[in-house]
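If you want the building blocks of each chain, they are given just below.
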Amino acid sequence: MRSPGSTRPPRGTDLPAPPTAHRLPPAVRLRALRKVYRHVVALESVDLDVPAGSILGLVGSNGSGKTTLLRLMLGLARPTSGSVRLLGEPMPASAASVLPHVGALVDGPGFQPFLSGRDNLTRSASAEPLLPTAAIPGAVDAALHRVGLDRTAADRRYRSYSLGMKQRLGLAAVLLAPRRLVVLDEPTNGLDPAGTHEVRRLITELHAAGCTILIASHLLAEVERTCTHVAVLTGGSVVATGELAALPTADDAALEVTTAEPDAALSALRSARVAGYVERGMVVAPLAGTSPEEVLRTLVRAGVPVTEARRTRTGLEELFVRLTEEGS
């Protein structure tokens with residue numbers, strides 16, 4: 001992907017990825033995927049690979065087609081045209097053999113309102129083909145514990161649950177059996193900060209165990225914090241995909257330095273022929289002709305106290321805005 005600027009990246013541009021000696025087949029492969037509802041085109045010519053072992057964030061504004069894409073991928077709806085391969089198998093033809101290895105929370109959790117959380121989860125566990133009957137009670141208890149619903153909340157009726165508790169129970173259903181792929185649609189929806197932190201922890205645990213994870217979200221900061229890869233969806237089309245670490249830095253990347261002596265900092269930088277200026281009370285050193293290490297070395301040698309230093313770059317939010325402007 002080219003750095004955002006006067007020339008905007010074309011649709012379908014790939015973010016650069018470092019070469020690897022061996023690449024596993026993608027956990028998800030979508031080709032020329034199209035979905036039309038009557039006269040409304042929900043998805044148009046979507047090509048997307050979700051690398052095995054990755055955490056891919058599918059980002060897009062509301063109405064961009066994220067949930068439709070997930071439903072087609074999981075065999076919950078049929079595409080107008082195009083193909084879907086899940087864990088190497090065609091969908092929906094191979095749904096019976098593939099879906100037991102997939103945990104999904106799409107369109108929000110759906111449980112019986114008059115049953116308790118534990119009873120709802122037990123019903124879900126009984127439908128898991130890979131979960132032996134004798135193992136169901138232990139799997140239910142373990143899943144409830146992992147999402148923080150193992151106390152009195154587990155035995156309360158589902159209809160009394162808050163939105164965050166309902167989301168937790170949906171996540172517990174995903175955790176009932178070992179998964180090769182986990183698909184989460186807005187997993188932190190309705191959660192407080194503590195709940196959001198727990199979801200991040202669960203995602204990290206699943207990833208460490210070798211699970212591929214696909215997260216659909218419009219919370220760009222959460223995607224930046226959690227994911228290894230990103231795909232940007234706008235207007236029913238994927239406009240960029242690739243490794244999150246390979247997001248391009250801006251042409252005006254700089255080091256922002258917080259110091260109690262900005263005048264002394266500027267004098268030291270100029271003496272070392274390093275450009276700098278003061279903005280919002282911070283000393284800003286453009287990195288076009290130097291490095292962060294050299295800037296800090298210069299300040300330390302001059303005896304300038306440095307409280308904080310932060311490199312600025314084009315974040316996912318700015319990149320998303322520029323890409324969606326291109327898409328529109």
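Numbering of residues starts from 1 in each chain and follows the order in which that chain's sequence is written. Local features in this predicted model are restricted to residues whose pLDDT is 70 or higher, and side-chain atom pairs enter the listing and the counts only when it is 80 or higher, whereas totals over whole chains, interfaces and linings include all residues. Each side-chain value is derived from all of the structure's non-hydrogen atoms; neither hydrogens nor water enter the calculation.

## Some thoughts on the sheet that holds strand β14 (residues 282-286)
Spatial strand order, β13-β14-β12-β15: four strands in an open sheet with antiparallel pairing. For this open sheet the edge positions go to β13 (277-279) and β15 (306-312), each flanked by a neighbour on one side alone. Within this sheet the neighbouring strands show an average axis-to-axis angle of 30 degrees, counted without direction. Bridging between β13 and β14 involves three bridges; their strand directions are antiparallel. Among the inter-strand pairings, Val278 is bridged to a residue of β14, identified as Val283. Following DSSP output, two strands are said to pair if at least two bridges run between them. The numbering of helices and of strands both runs from the N terminus, where a helix is a DSSP run of H or I of at least 4 residues and a strand a run of E of at least 2. Structural elements are reduced to axes, namely lines fitted to C-alpha atoms, with helices fitted over the stretch in contact, and the angle between N-to-C directions of any two is expressed from 0 to 180 degrees.

## Notes on the pattern of salt bridges
Opposite charge on two side chains makes pairing possible when the charged atoms of those side chains draw close. Any carboxyl oxygen of Asp or Glu within 4 Å of a side-chain nitrogen of Lys or Arg constitutes a salt bridge here. What the rule picks out here adds up to 12 salt bridges. Of the charged contacts in the structure, one is a salt bridge between Asp141 and Arg118, with a shortest N-O distance of 2.6 Å. Of this pair, Asp141 sits in helix α4 (residues 136-146) while Arg118 is found in helix α3 (residues 117-126), placing the two residues 23 residues apart along the sequence. Judged by relative accessible area, Asp141 falls into the partly exposed class, the value being 41%. For Arg118, a relative accessible area of 22% gives the class partly exposed. Asp155 serves as the salt-bridge partner of Arg118, at 3.1 Å between the closest nitrogen and oxygen. One end of the pair, Arg118, is in helix α3; the other, Asp155, is in the loop between α4 and α5 (163-174), with 37 residues separating them in the sequence. Buried, partly exposed and exposed residues are distinguished by accessible area as a fraction of the type maximum, computed with a 1.4 Å probe on protein chains only: under 20%, between the cut-offs, and over 50%, respectively.

## Things to note about the packing of helix α8 (residues 262-271) against helix α9 (residues 292-301)
In a pair of packed helices, the angle between the axes and the distance between the axes together describe the arrangement. Between α8 and α9, the least distance of the axes is 9 Å, while the angle of their chain directions is 115 degrees. Taken as axis vectors, α8 and α9 run roughly perpendicular relative to one another. As α8 runs across α9, the sense of the crossing is right-handed. Across from Ala265, Ala268 and Leu269 in α8, the residues of α9 making contact are Val295, Thr298 and Leu299. For this classification, Asp, Glu, Lys and Arg are treated as charged, while Ala, Val, Leu, Ile, Met, Phe, Trp, Tyr, Cys and Pro are nonpolar and the rest, including Gly, are polar. Counted by class, the contact of α8 with α9 contains five nonpolar, one polar and no charged residues. Angular relationships are summarised with four words: roughly parallel below 35 degrees, roughly antiparallel beyond 145, roughly perpendicular across 65 to 115, and oblique for the angles in between. Less than a right angle of anticlockwise turn of the near helix away from the far helix marks a crossing as left-handed, whereas a clockwise turn marks it as right-handed. Residue contacts are defined here by distance: any two heavy atoms, one from each residue, within 4.5 Å place the two residues in contact.

## Some thoughts on the environment of Val46
Relative to the assigned elements, Val46 resides in strand β3 (residues 40-50). Residues Val46 and Lys35, spaced 11 residues apart in sequence, show a C-alpha to C-alpha distance of 9.7 Å. Dropping the residues within four chain positions of it, Val46 is found in contact with Leu30, Arg31, Ala32, Leu33, Leu69, Gly236, Ser237 and Val238.

## Here we look at the side chain of Thr298
Inspection of the secondary structure puts Thr298 in helix α9. Relative accessible area serves as the criterion here: at 10%, Thr298 is assigned to the buried category. Pairs of N or O atoms are called polar contacts if they sit within 3.5 Å, as long as, within protein, a hydrogen donor faces a hydrogen acceptor (for residues adjacent in sequence, only side-chain-to-side-chain pairs). For Thr298, the side chain forms a polar contact with the main-chain oxygen of Glu294, separated by 2.8 Å. If we ignore the near neighbours within four places in the chain, the residues touching Thr298 are Ala268, Leu269 and Ala272.

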